[in-house]
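# Fold and geometry: a report
Okay, here's what each chain looks like letter by letter:
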Amino acid sequence: MGGGSWATALAKLLVDNGNDIVWYMHRQDRIDSFMASGRNPAYLSDVKFDLRHITFTASIDEAARMADTVLLAMPSPYFKKQISGITTDISSKAVVSAIKGIVPDDEMVISDYMESHFGINSGRSLVVSGPCHAEEVAMGRRSFLTVGCNDIYRAEQFAHVLRGPALTTVTSSDVLGIEYAAVLKNVYAICAGIIHGLRSGDNFQAMLVSNAVMEMQRFVSAASPRERNICDSVYLGDLLVTAYSRFSRNHNFGVMIGRGLSVKAARMEMVQTAEGYYAAKCIHDINRRYRVTMPILEGVYSILYHGASAEKAVAEMADTFI
């Protein structure tokens with residue numbers, strides 16, 4: 001479910017591994033173009049698909065009814081509106097979230113929202129996360145994904161479906177930790193981009209990222225207390241690739257702000273969704289419950305939502321770095 005670059009990359013993995021998929025896109029015109037060319041007309045349009053393995057639909061309810069496993073891969077700001085079109089009972093299906101965001105206004109990660117609104121219990125709720133950029137996955141470059149589920153056997157089943165010659169998969173039972181880390185790394189990537197735009201240098205960038213991973217650990221430990229190694233690829237690795245990669249839309253969004261564009265102007269320049277923009281406010285609001293010390297998150301939030309000077313906010317957070 002979803003027609004963006006991440007949905008396209010995941011669909012490519014599934015189809016290339018010989019799976020038949022039902023693919024929901026909300027725009028019929030894009031489906032028509034896809035069926036005519038064998039390519040997604042809007043995202044990763046260089047990637048060619050074997051259409052014999054794909055059934056397209058512009059009805060999310062039809063997709064939900066036909067599927068045995070539901071893979072959610074739309075941007076979080078549009079998730080709630082689109083998912084509301086499902087009237088089919090999907091409580092007996094496996095639901096996999098590849099969404100790296102929080103449901104706006106509800107202050108819930110996707111797995112919690114799906115349990116609350118669709119009755120998806122924890123044994124059927126899965127997450128899939130990086131370190132991966134859609135562009136490199138679609139190009140067949142060596143990549144790694146983690147599949148999380150409280151039911152490790154179910155996680156391994158889905159990991160096997162994704163696994164291929166250039167894609168390694170591992171499993172984890174840390175569903176909430178993976179979801180929150182995936183949300184936070186987008187905020188930190190915006191900050192990394194701001195620092196790049198301010199020309200603060202590689203030394204300072206390294207300080208930011210090392211402090212960001214400690215901040216991530218503090219928050220995730222408060223929100224989901226359990227044993228985990230924050231240096232595992234699904235946490236630290238995903239943060240690193242999102243903070244540094246030229247493919248990172250959150251990093252590129254931050255660069256524009258660091259170079260002097262207003263937040264509004266930077267958002268208008270973005271072709272794709274910078275999830276970290278929404279995540280900064282969501283985590284800020286959620287953290288009222290946990291009261292974790294998060295100077296990087298709060299600095300980015302003040303820039304994005306209160307018009308704070310990027311240079312001044314970065315200087316203030318730098319005073320807290322260790």
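So, here's what we can say about the structure. (Residues numbered from 1 in each chain as written. Predicted model: local features only at pLDDT ≥ 70, side-chain atom pairs only at ≥ 80, totals over all residues. Heavy atoms only, no water.)

Right, let's talk about the environment of Val300 for a bit. Mapping Val300 onto the fold places it in helix H14 (residues 295-306). Using a relative accessible area of 0% as the deciding quantity, one classes Val300 as buried. Spatially, the C-alpha atom of Val300 lies 19 Å from that of Ser245, the residues being 55 residues apart in sequence. Apart from the residues lying within four places of it in its own chain, the contact partners of Val300 are Val187, Ile190, Cys191, Ala280 and Met317. (Helix = DSSP H or I, 4+ residues; strand = E, 2+ residues; numbered from the N terminus. Buried < 20%, exposed > 50% of the residue type's maximum accessible area, 1.4 Å probe, protein only. Contact = heavy atoms within 4.5 Å.)

So, on to the pairing of strand S9 (residues 167-172). Across six bridges, the pairing between strand S8 (residues 143-149) and S9 is parallel. What sits directly across from Thr146, in S9, is Val170. Once you follow S8 into helix H7 (residues 152-162) and on to S9, the crossover reads as right-handed. (Pairing = 2+ DSSP bridges. Right-handed = clockwise from strand over helix to strand, strands pointing away.)

Before going further, it helps to examine the sheet that holds strand S4 (residues 94-97). If you trace the five strands from one edge of the open sheet to the other, you get S3-S4-S7-S8-S9, paired in mixed fashion. Only two strands of the sheet have a single partner each, and these edge strands are strand S3 (69-72) and S9. Direction aside, the axes of adjacent strands within the sheet are offset by 20 degrees on average. Against the sheet, H7 contacts S3, S4, strand S7 (125-129), S8 and S9, and its axis sits at roughly 150 degrees relative to S8. (Axes fitted to C-alpha atoms, helices over the stretch in contact; angles between N-to-C directions.)

Ranked by internal contacts, the top residues of the largest apolar core, which has 55 residues, are Tyr180, Met216, Phe219, Phe253, Ile283 and Leu304. Considering each element in turn, this core owes the most residues, 13 residues, to helix H8 (residues 175-197). Beyond its immediate sequence surroundings of up to four residues, Leu304 is in contact with Ile190, Phe253, Ile257, Val263, Gly276, Tyr277 and Ala280. Core analysis: the next-biggest nonpolar cluster, separate from the first, contains 37 residues, Phe34, Ala134, Val137 and Ala159 among them. (Core = buried A, V, L, I, M, F, W, Y, C linked by side-chain atoms within 4.5 Å.)

One can describe the packing of H14 onto helix H15 (residues 310-318) by two numbers: an axis separation of 9 Å at closest approach and a directional angle of 170 degrees. As judged from the angle between their axes, H14 and H15 are roughly antiparallel. Listed contacts from H15 to Pro295, Ile296, Gly299, Val300, Ser302 and Ile303 of H14 are Ala310, Ala313 and Met317. Considered class by class, the residues forming the contact of H14 with H15 number seven nonpolar, two polar and no charged. (Parallel < 35°, antiparallel > 145°, perpendicular 65-115°, else oblique. Nonpolar A, V, L, I, M, F, W, Y, C, P; charged D, E, K, R; others polar.)

It is worth stressing that arrangement in space is one thing and function is another; only the former is reported here.
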